[in-house]
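Secondary and tertiary structure notes
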Amino acid sequence: MRSFSYVDAYSVEEAVSALGRFGAKARINAGGTDLMGLLKDEYLPTYPEVLVNVKNIPGLDSVSEEGELLRIGALARLSELGRSPLLLERYPALAEAAYAVASPQIRNVATLAGNLCQDVRCAYYRYPAQVGGAIGCARKHNGPCLAVKGDNRYHAIMGGRKCFAVCPSDTAVALAAFDASLTVIGPHGEHSIPIADFYTPLAHRLKHGELVIRIEVPAVSLPHQRFFKFALRRPIDFAIVSVAVVASVEDGVCSDVRIALGAIAPGPVRATEAEEFLRGKPINDETASAASELALGGVKPLGRNGYKVAIAKSLVKRGLLGEGGNLLKE
Ligand SMILES: Cc1cc2nc3c(=O)[nH]c(=O)nc-3n(C[C@H](O)[C@H](O)[C@H](O)COP(=O)(O)OP(=O)(O)OC[C@H]3O[C@@H](n4cnc5c(N)ncnc54)[C@H](O)[C@@H]3O)c2cc1C
Ligand code: SF4
(Lines give C-alpha, C1' and ligand atoms only; values in the text may rest on other atoms or scores of the structure.)
(Ligands and ions follow the chains in the order given, each with its own letter.)
Protein backbone atom coordinates (compact mmCIF):
# COMPACT_ATOMS: atom_id res chain seq x y z
CA MET A 1 0.00 0.00 0.00
CA ARG A 2 1.26 3.49 -0.81
CA SER A 3 1.82 5.88 2.04
CA PHE A 4 -0.60 8.73 2.67
CA SER A 5 -1.09 11.58 5.13
CA TYR A 6 -3.97 11.42 7.56
CA VAL A 7 -5.93 14.44 8.77
CA ASP A 8 -8.45 14.14 11.61
CA ALA A 9 -11.40 16.50 11.26
CA TYR A 10 -13.39 17.21 14.43
CA SER A 11 -16.11 19.35 12.82
CA VAL A 12 -17.76 19.70 9.41
CA GLU A 13 -15.95 23.05 9.00
CA GLU A 14 -12.56 21.39 9.64
CA ALA A 15 -13.38 18.66 7.12
CA VAL A 16 -14.41 21.17 4.43
CA SER A 17 -11.31 23.26 5.14
CA ALA A 18 -8.98 20.23 4.89
CA LEU A 19 -10.67 19.03 1.69
CA GLY A 20 -10.31 22.53 0.23
CA ARG A 21 -6.64 22.73 1.26
CA PHE A 22 -5.60 19.47 -0.41
CA GLY A 23 -8.00 19.57 -3.39
CA ALA A 24 -7.93 16.56 -5.71
CA LYS A 25 -5.19 14.90 -3.60
CA ALA A 26 -7.60 14.41 -0.69
CA ARG A 27 -10.24 11.76 -0.11
CA ILE A 28 -12.79 11.44 2.70
CA ASN A 29 -12.32 8.43 4.93
CA ALA A 30 -15.38 7.23 6.86
CA GLY A 31 -15.51 3.51 7.75
CA GLY A 32 -12.69 2.87 5.26
CA THR A 33 -14.15 -0.48 4.15
CA ASP A 34 -14.17 0.55 0.49
CA LEU A 35 -11.39 3.12 0.49
CA MET A 36 -8.78 0.80 1.99
CA GLY A 37 -9.39 -1.72 -0.82
CA LEU A 38 -8.67 1.00 -3.36
CA LEU A 39 -5.45 1.98 -1.59
CA LYS A 40 -4.29 -1.62 -1.26
CA ASP A 41 -5.07 -2.79 -4.79
CA GLU A 42 -3.84 0.42 -6.50
CA TYR A 43 -6.27 0.03 -9.37
CA LEU A 44 -6.65 3.75 -10.16
CA PRO A 45 -4.26 5.84 -12.30
CA THR A 46 -3.82 8.32 -9.41
CA TYR A 47 -4.11 7.83 -5.66
CA PRO A 48 -5.34 9.89 -2.76
CA GLU A 49 -2.34 11.37 -0.94
CA VAL A 50 -4.31 12.67 2.03
CA LEU A 51 -7.16 10.96 3.85
CA VAL A 52 -9.49 13.27 5.74
CA ASN A 53 -10.97 11.24 8.57
CA VAL A 54 -14.53 12.38 9.31
CA LYS A 55 -15.43 9.70 11.88
CA ASN A 56 -14.66 11.98 14.84
CA ILE A 57 -17.19 14.62 13.83
CA PRO A 58 -19.86 14.60 16.55
CA GLY A 59 -23.59 14.52 15.73
CA LEU A 60 -23.29 13.12 12.20
CA ASP A 61 -24.60 9.68 13.09
CA SER A 62 -28.08 10.46 14.39
CA VAL A 63 -31.38 9.13 13.03
CA SER A 64 -34.47 11.21 13.75
CA GLU A 65 -37.81 12.23 12.34
CA GLU A 66 -38.23 16.00 12.40
CA GLY A 67 -41.54 17.29 11.12
CA GLU A 68 -42.03 15.99 7.61
CA LEU A 69 -38.50 14.60 7.27
CA LEU A 70 -36.52 11.57 8.33
CA ARG A 71 -32.92 12.75 8.81
CA ILE A 72 -30.05 10.27 8.84
CA GLY A 73 -26.55 11.51 9.57
CA ALA A 74 -23.90 10.62 6.97
CA LEU A 75 -21.91 8.68 9.58
CA ALA A 76 -24.79 6.48 10.75
CA ARG A 77 -23.46 2.91 10.76
CA LEU A 78 -25.30 0.35 8.62
CA SER A 79 -25.59 -1.98 11.63
CA GLU A 80 -27.39 0.78 13.58
CA LEU A 81 -29.74 1.41 10.67
CA GLY A 82 -30.55 -2.29 10.39
CA ARG A 83 -31.76 -2.34 14.02
CA SER A 84 -33.05 1.22 14.45
CA PRO A 85 -36.52 1.04 16.12
CA LEU A 86 -37.63 4.10 14.10
CA LEU A 87 -36.63 2.54 10.78
CA LEU A 88 -38.00 -0.86 11.68
CA GLU A 89 -41.36 0.67 12.49
CA ARG A 90 -41.73 3.32 9.74
CA TYR A 91 -39.07 2.58 7.07
CA PRO A 92 -38.49 -1.20 7.23
CA ALA A 93 -37.42 -1.38 3.57
CA LEU A 94 -34.45 0.86 4.43
CA ALA A 95 -33.61 -1.16 7.54
CA GLU A 96 -33.73 -4.31 5.38
CA ALA A 97 -31.46 -2.78 2.75
CA ALA A 98 -28.89 -1.74 5.39
CA TYR A 99 -29.04 -5.22 6.89
CA ALA A 100 -28.54 -6.80 3.44
CA VAL A 101 -25.10 -5.18 3.02
CA ALA A 102 -21.98 -7.34 3.35
CA SER A 103 -21.29 -8.91 6.77
CA PRO A 104 -21.86 -7.89 10.43
CA GLN A 105 -18.20 -6.87 10.72
CA ILE A 106 -18.43 -4.54 7.71
CA ARG A 107 -21.83 -3.14 8.72
CA ASN A 108 -20.40 -2.30 12.15
CA VAL A 109 -17.95 0.19 10.63
CA ALA A 110 -19.46 1.09 7.23
CA THR A 111 -21.42 4.36 7.13
CA LEU A 112 -24.48 5.29 5.11
CA ALA A 113 -22.69 8.02 3.13
CA GLY A 114 -19.77 5.65 2.46
CA ASN A 115 -22.22 3.04 1.20
CA LEU A 116 -23.78 5.55 -1.20
CA CYS A 117 -20.40 6.91 -2.38
CA GLN A 118 -18.54 3.58 -2.69
CA ASP A 119 -16.76 2.81 -5.94
CA VAL A 120 -18.11 0.33 -8.52
CA ARG A 121 -17.22 -3.36 -8.36
CA CYS A 122 -16.47 -4.04 -12.07
CA ALA A 123 -13.73 -6.69 -12.11
CA TYR A 124 -11.82 -4.97 -14.94
CA TYR A 125 -11.88 -1.68 -13.07
CA ARG A 126 -10.79 -3.21 -9.77
CA TYR A 127 -8.12 -5.49 -11.23
CA PRO A 128 -5.21 -5.13 -8.78
CA ALA A 129 -1.96 -3.50 -9.94
CA GLN A 130 0.02 -6.22 -8.16
CA VAL A 131 -1.40 -8.96 -10.44
CA GLY A 132 -0.02 -7.95 -13.82
CA GLY A 133 -0.87 -4.24 -13.67
CA ALA A 134 -4.05 -2.20 -13.33
CA ILE A 135 -6.39 -2.25 -16.35
CA GLY A 136 -7.32 0.98 -18.12
CA CYS A 137 -10.93 1.69 -19.11
CA ALA A 138 -13.49 4.40 -19.85
CA ARG A 139 -14.30 5.04 -16.19
CA LYS A 140 -10.61 5.71 -15.56
CA HIS A 141 -10.46 7.93 -18.68
CA ASN A 142 -7.65 5.82 -20.10
CA GLY A 143 -9.19 3.23 -22.42
CA PRO A 144 -12.38 1.71 -23.78
CA CYS A 145 -14.90 -0.19 -21.67
CA LEU A 146 -13.76 -3.81 -21.65
CA ALA A 147 -17.05 -5.14 -20.32
CA VAL A 148 -18.96 -4.38 -23.53
CA LYS A 149 -17.27 -7.22 -25.42
CA GLY A 150 -15.96 -9.07 -22.38
CA ASP A 151 -17.44 -10.54 -19.22
CA ASN A 152 -20.51 -8.42 -18.59
CA ARG A 153 -22.54 -10.86 -16.49
CA TYR A 154 -22.75 -8.43 -13.58
CA HIS A 155 -23.12 -5.20 -15.54
CA ALA A 156 -25.91 -2.80 -16.43
CA ILE A 157 -28.93 -3.83 -18.46
CA MET A 158 -30.05 -0.22 -18.80
CA GLY A 159 -28.67 3.31 -18.52
CA GLY A 160 -25.03 2.47 -19.29
CA ARG A 161 -23.09 4.86 -21.54
CA LYS A 162 -19.32 4.48 -21.99
CA CYS A 163 -19.27 2.62 -18.63
CA PHE A 164 -21.65 -0.24 -17.81
CA ALA A 165 -20.75 -0.79 -14.16
CA VAL A 166 -23.74 -0.85 -11.82
CA CYS A 167 -24.23 1.06 -8.60
CA PRO A 168 -23.34 -1.53 -5.93
CA SER A 169 -25.12 0.18 -3.02
CA ASP A 170 -28.05 -1.67 -1.44
CA THR A 171 -29.18 1.31 0.62
CA ALA A 172 -29.39 3.53 -2.50
CA VAL A 173 -32.21 1.30 -3.78
CA ALA A 174 -34.42 1.70 -0.71
CA LEU A 175 -33.60 5.42 -0.53
CA ALA A 176 -34.66 5.82 -4.18
CA ALA A 177 -38.04 4.27 -3.35
CA PHE A 178 -38.40 6.87 -0.58
CA ASP A 179 -37.43 9.81 -2.84
CA ALA A 180 -34.48 10.61 -0.57
CA SER A 181 -31.90 13.33 -1.14
CA LEU A 182 -28.32 13.83 -0.01
CA THR A 183 -27.39 17.03 1.80
CA VAL A 184 -23.94 18.07 0.70
CA ILE A 185 -21.64 20.76 2.05
CA GLY A 186 -18.62 22.23 0.31
CA PRO A 187 -16.66 25.45 -0.17
CA HIS A 188 -19.75 27.18 -1.58
CA GLY A 189 -22.15 26.13 1.18
CA GLU A 190 -24.86 23.52 1.48
CA HIS A 191 -27.06 22.03 -1.22
CA SER A 192 -29.25 19.02 -1.79
CA ILE A 193 -29.00 16.32 -4.49
CA PRO A 194 -31.98 13.99 -5.08
CA ILE A 195 -30.74 10.41 -5.03
CA ALA A 196 -32.34 9.95 -8.47
CA ASP A 197 -29.76 12.45 -9.85
CA PHE A 198 -26.76 11.40 -7.77
CA TYR A 199 -25.31 8.69 -10.02
CA THR A 200 -24.13 9.13 -13.61
CA PRO A 201 -22.68 6.41 -15.89
CA LEU A 202 -19.10 7.49 -15.11
CA ALA A 203 -19.20 8.69 -11.49
CA HIS A 204 -21.37 10.23 -8.81
CA ARG A 205 -22.09 13.95 -8.69
CA LEU A 206 -19.95 15.00 -5.71
CA LYS A 207 -17.23 17.49 -6.58
CA HIS A 208 -13.79 17.61 -4.98
CA GLY A 209 -14.09 19.33 -1.62
CA GLU A 210 -17.69 18.28 -1.02
CA LEU A 211 -18.90 16.16 1.85
CA VAL A 212 -22.25 14.41 2.36
CA ILE A 213 -23.50 15.41 5.82
CA ARG A 214 -26.93 13.78 5.91
CA ILE A 215 -29.59 11.94 3.96
CA GLU A 216 -33.14 13.28 4.07
CA VAL A 217 -36.25 11.21 3.42
CA PRO A 218 -39.72 12.78 3.11
CA ALA A 219 -41.83 11.19 5.87
CA VAL A 220 -44.15 8.56 4.40
CA SER A 221 -47.12 6.53 5.45
CA LEU A 222 -46.69 3.63 3.08
CA PRO A 223 -47.00 0.56 5.30
CA HIS A 224 -46.43 -2.15 2.68
CA GLN A 225 -42.61 -2.22 2.37
CA ARG A 226 -40.26 -4.81 0.98
CA PHE A 227 -36.58 -4.96 0.04
CA PHE A 228 -35.40 -8.02 -1.86
CA LYS A 229 -31.87 -8.77 -2.99
CA PHE A 230 -30.79 -11.61 -5.25
CA ALA A 231 -27.10 -12.49 -4.81
CA LEU A 232 -25.06 -15.56 -5.68
CA ARG A 233 -23.62 -16.10 -2.19
CA ARG A 234 -26.13 -15.62 0.58
CA PRO A 235 -23.93 -14.72 3.58
CA ILE A 236 -21.97 -11.94 1.90
CA ASP A 237 -22.23 -10.73 -1.66
CA PHE A 238 -23.21 -7.81 -3.84
CA ALA A 239 -26.64 -7.86 -5.50
CA ILE A 240 -27.18 -9.31 -8.94
CA VAL A 241 -30.51 -7.46 -8.76
CA SER A 242 -32.31 -5.83 -5.85
CA VAL A 243 -35.77 -4.30 -5.51
CA ALA A 244 -37.47 -2.03 -3.00
CA VAL A 245 -41.25 -1.77 -3.07
CA VAL A 246 -43.06 0.76 -0.88
CA ALA A 247 -46.83 0.95 -1.16
CA SER A 248 -50.12 1.79 0.46
CA VAL A 249 -53.06 -0.54 -0.13
CA GLU A 250 -56.54 0.51 1.06
CA ASP A 251 -59.57 -1.80 0.75
CA GLY A 252 -57.53 -4.03 -1.54
CA VAL A 253 -56.70 -1.16 -3.91
CA CYS A 254 -53.23 0.36 -4.34
CA SER A 255 -53.40 4.08 -3.54
CA ASP A 256 -49.66 4.77 -3.83
CA VAL A 257 -46.63 2.71 -4.81
CA ARG A 258 -42.92 3.24 -5.48
CA ILE A 259 -40.75 0.56 -7.06
CA ALA A 260 -36.95 0.95 -7.21
CA LEU A 261 -34.54 -1.50 -8.84
CA GLY A 262 -30.84 -1.86 -8.01
CA ALA A 263 -27.73 -3.38 -9.63
CA ILE A 264 -29.20 -3.06 -13.13
CA ALA A 265 -27.97 0.46 -14.00
CA PRO A 266 -25.39 3.09 -12.95
CA GLY A 267 -27.83 4.20 -10.24
CA PRO A 268 -31.05 2.93 -8.68
CA VAL A 269 -33.93 2.99 -11.18
CA ARG A 270 -37.54 3.93 -10.40
CA ALA A 271 -40.12 1.92 -12.37
CA THR A 272 -42.41 4.90 -12.92
CA GLU A 273 -44.56 3.31 -15.66
CA ALA A 274 -45.28 0.31 -13.45
CA GLU A 275 -46.06 2.61 -10.50
CA GLU A 276 -48.51 4.62 -12.64
CA PHE A 277 -50.15 1.43 -13.90
CA LEU A 278 -50.73 0.07 -10.38
CA ARG A 279 -52.27 3.19 -8.78
CA GLY A 280 -55.99 2.66 -8.25
CA LYS A 281 -55.82 -1.08 -9.02
CA PRO A 282 -55.88 -4.12 -6.76
CA ILE A 283 -52.49 -5.78 -6.35
CA ASN A 284 -52.89 -9.38 -7.42
CA ASP A 285 -51.01 -11.92 -9.49
CA GLU A 286 -52.25 -10.42 -12.76
CA THR A 287 -51.48 -6.74 -12.00
CA ALA A 288 -48.14 -7.62 -10.33
CA SER A 289 -47.09 -9.58 -13.47
CA ALA A 290 -48.12 -6.71 -15.74
CA ALA A 291 -46.25 -4.22 -13.52
CA SER A 292 -43.10 -6.36 -13.57
CA GLU A 293 -43.19 -6.39 -17.40
CA LEU A 294 -43.57 -2.59 -17.46
CA ALA A 295 -40.76 -2.16 -14.92
CA LEU A 296 -38.29 -3.91 -17.21
CA GLY A 297 -39.71 -2.49 -20.44
CA GLY A 298 -36.77 -0.38 -21.61
CA VAL A 299 -33.88 -2.71 -20.83
CA LYS A 300 -31.00 -3.39 -23.22
CA PRO A 301 -28.95 -6.27 -21.83
CA LEU A 302 -25.35 -6.78 -22.96
CA GLY A 303 -24.16 -10.11 -24.38
CA ARG A 304 -24.09 -12.10 -21.12
CA ASN A 305 -26.42 -10.42 -18.66
CA GLY A 306 -29.89 -10.97 -20.14
CA TYR A 307 -30.57 -13.38 -17.25
CA LYS A 308 -30.91 -10.36 -14.94
CA VAL A 309 -34.17 -9.38 -16.64
CA ALA A 310 -36.03 -12.48 -15.50
CA ILE A 311 -34.66 -12.12 -11.95
CA ALA A 312 -35.69 -8.46 -11.80
CA LYS A 313 -39.22 -9.22 -13.01
CA SER A 314 -39.56 -11.95 -10.44
CA LEU A 315 -38.32 -9.69 -7.61
CA VAL A 316 -40.71 -6.88 -8.59
CA LYS A 317 -43.61 -9.32 -8.56
CA ARG A 318 -42.61 -10.79 -5.21
CA GLY A 319 -42.13 -7.33 -3.72
CA LEU A 320 -45.62 -6.31 -4.80
CA LEU A 321 -47.29 -9.49 -3.60
CA GLY A 322 -45.32 -9.48 -0.36
CA GLU A 323 -44.05 -12.99 -1.05
CA GLY A 324 -40.84 -14.47 0.20
CA GLY A 325 -38.35 -13.98 2.97
CA ASN A 326 -37.88 -10.98 5.16
CA LEU A 327 -34.18 -10.77 6.00
CA LEU A 328 -34.65 -9.13 9.38
CA LYS A 329 -37.01 -11.84 10.57
CA GLU A 330 -35.08 -14.88 9.39
C1 LIG B 1 -16.43 -7.88 1.31
C2 LIG B 1 -17.37 -6.74 1.04
C3 LIG B 1 -18.69 -7.01 0.74
C4 LIG B 1 -19.57 -5.95 0.49
N5 LIG B 1 -20.88 -6.21 0.20
C6 LIG B 1 -21.74 -5.19 -0.02
C7 LIG B 1 -23.11 -5.41 -0.30
O8 LIG B 1 -23.59 -6.53 -0.31
N9 LIG B 1 -23.91 -4.32 -0.52
C10 LIG B 1 -23.44 -3.04 -0.48
O11 LIG B 1 -24.22 -2.10 -0.64
N12 LIG B 1 -22.13 -2.80 -0.23
C13 LIG B 1 -21.30 -3.84 0.00
N14 LIG B 1 -19.98 -3.59 0.27
C15 LIG B 1 -19.50 -2.24 0.23
C16 LIG B 1 -19.60 -1.62 1.60
O17 LIG B 1 -20.95 -1.48 1.92
C18 LIG B 1 -18.94 -0.28 1.55
O19 LIG B 1 -17.55 -0.55 1.55
C20 LIG B 1 -19.27 0.59 2.74
O21 LIG B 1 -20.63 0.81 2.84
C22 LIG B 1 -18.54 1.89 2.61
O23 LIG B 1 -18.76 2.63 3.78
P24 LIG B 1 -17.51 3.25 4.56
O25 LIG B 1 -18.08 4.13 5.61
O26 LIG B 1 -16.58 2.17 5.00
O27 LIG B 1 -16.89 4.11 3.37
P28 LIG B 1 -15.36 4.45 3.04
O29 LIG B 1 -14.64 3.24 2.58
O30 LIG B 1 -14.75 5.23 4.14
O31 LIG B 1 -15.61 5.43 1.81
C32 LIG B 1 -16.15 4.95 0.59
C33 LIG B 1 -16.16 6.10 -0.41
O34 LIG B 1 -17.10 7.07 -0.02
C35 LIG B 1 -16.46 8.33 0.21
N36 LIG B 1 -17.13 8.92 1.38
C37 LIG B 1 -17.26 8.36 2.61
N38 LIG B 1 -17.98 9.16 3.40
C39 LIG B 1 -18.30 10.25 2.68
C40 LIG B 1 -19.05 11.44 2.95
N41 LIG B 1 -19.60 11.67 4.14
N42 LIG B 1 -19.19 12.34 1.96
C43 LIG B 1 -18.65 12.11 0.73
N44 LIG B 1 -17.94 11.01 0.42
C45 LIG B 1 -17.77 10.09 1.38
C46 LIG B 1 -15.00 8.02 0.43
O47 LIG B 1 -14.17 9.09 0.07
C48 LIG B 1 -14.82 6.81 -0.49
O49 LIG B 1 -14.63 7.25 -1.81
C50 LIG B 1 -19.08 -4.62 0.55
C51 LIG B 1 -17.75 -4.35 0.84
C52 LIG B 1 -16.89 -5.41 1.10
C53 LIG B 1 -15.46 -5.09 1.43
S1 SF4 C 1 -17.91 -1.25 -17.06
FE2 SF4 C 1 -17.05 0.73 -16.49
S3 SF4 C 1 -15.60 0.22 -14.88
FE4 SF4 C 1 -16.00 -1.67 -16.03
S5 SF4 C 1 -14.47 -1.81 -17.70
FE6 SF4 C 1 -16.27 -0.75 -18.52
S7 SF4 C 1 -15.78 1.44 -18.21
FE8 SF4 C 1 -14.46 0.30 -16.83
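Check the entry above for the structure.
These lines cover the structure that appears in this document, whether it is placed above or below. Computed from a predicted model, the values in this text were never measured in an experiment. (Residues numbered from 1 in each chain as written. Chains lettered and ligands numbered in written order. Predicted model: local features only at pLDDT ≥ 70, side-chain atom pairs only at ≥ 80, totals over all residues. Heavy atoms only, no water.)

Moving on, we get to the nonpolar core. Membership of the largest hydrophobic core comes to 45 residues, with the highest contact counts inside it found for Leu116, Leu175 and Ile215. Once residues within four sequence positions are removed from consideration, Leu116 is found in contact with Ser169, Thr171, Ala172, Leu175, Leu182, Ile195, Phe198, Tyr199 and Ile215. Core analysis: the next-biggest nonpolar cluster, separate from the first, contains 28 residues, Ile240, Ala265, Val309 and Ala312 among them. (Core = buried A, V, L, I, M, F, W, Y, C linked by side-chain atoms within 4.5 Å. Buried < 20%, exposed > 50% of the residue type's maximum accessible area, 1.4 Å probe, protein only. Contact = heavy atoms within 4.5 Å.)

Now for the packing of aromatic side chains. With the rule as written, the count across this model stands at three aromatic pairs. Centre to centre, the rings of Tyr43 and Tyr125 are 5.3 Å apart; their planes meet at 55 degrees, and the pair counts as tilted. Of this pair, Tyr43 sits in the loop between helix 2 (35-41) and strand 3 (50-53) while Tyr125 sits in the loop between helix 7 (112-117) and helix 8 (170-177), and the two are 82 residues apart along the sequence. Across the pair, exposure class does not vary: Tyr43 and Tyr125 are buried alike. A centroid spacing of 5.5 Å and a plane angle of 70 degrees characterise the contact between Tyr91 and Phe178, whose relative ring orientation is edge-to-face. With Tyr91 in the loop between helix 4 (85-90) and helix 5 (92-99) and Phe178 in the loop between helix 8 and strand 6 (181-186), the pair connects residues that are 87 residues apart, well separated along the chain. A single burial state applies to Tyr91 and to Phe178, both of which are buried. Its guanidinium or amino end placed over the ring of Phe228, Arg318 lies 4.7 Å from that ring's centre, counting from NZ or CZ. (Phe/Tyr/Trp six-rings, centres within 6.5 Å; stacked < 30°, edge-to-face > 60°. Helix = DSSP H or I, 4+ residues; strand = E, 2+ residues; numbered from the N terminus. Lys NZ or Arg CZ within 6 Å of the ring centre and 35° of its normal.)

Before going further, it helps to examine the site of ligand 2. By nearness alone, 14 residues border ligand 2, and Cys122, Cys137, Cys145, Cys163 and Phe164 come closest of all. Residue composition of the shell around ligand 2, by class: 11 nonpolar, one polar and two charged. (Near = heavy atom within 4 Å. Nonpolar A, V, L, I, M, F, W, Y, C, P; charged D, E, K, R; others polar.)

All right, on to the sheet that holds strand 7 (residues 189-194) then. Taken in spatial order, the five strands make up an open sheet running 4-5-8-6-7, and their pairing is antiparallel. Of all strands in the sheet, those with a lone pairing partner are strand 4 (63-66) and strand 7, marking the two edges. Put simply, the sheet's adjacent strands are angled 25 degrees from each other on average, direction ignored. Note that strand 4 and strand 5 (residues 69-73) share four bridges and pair antiparallel. Each residue of the ladder has a partner; that of Glu65, found in strand 5, is Leu70. Relative to strand 8 (residues 211-218), helix 1 (residues 12-22) is tilted by about 125 degrees, and along the sheet it contacts strand 6 and strand 8. (Pairing = 2+ DSSP bridges. Axes fitted to C-alpha atoms, helices over the stretch in contact; angles between N-to-C directions.)

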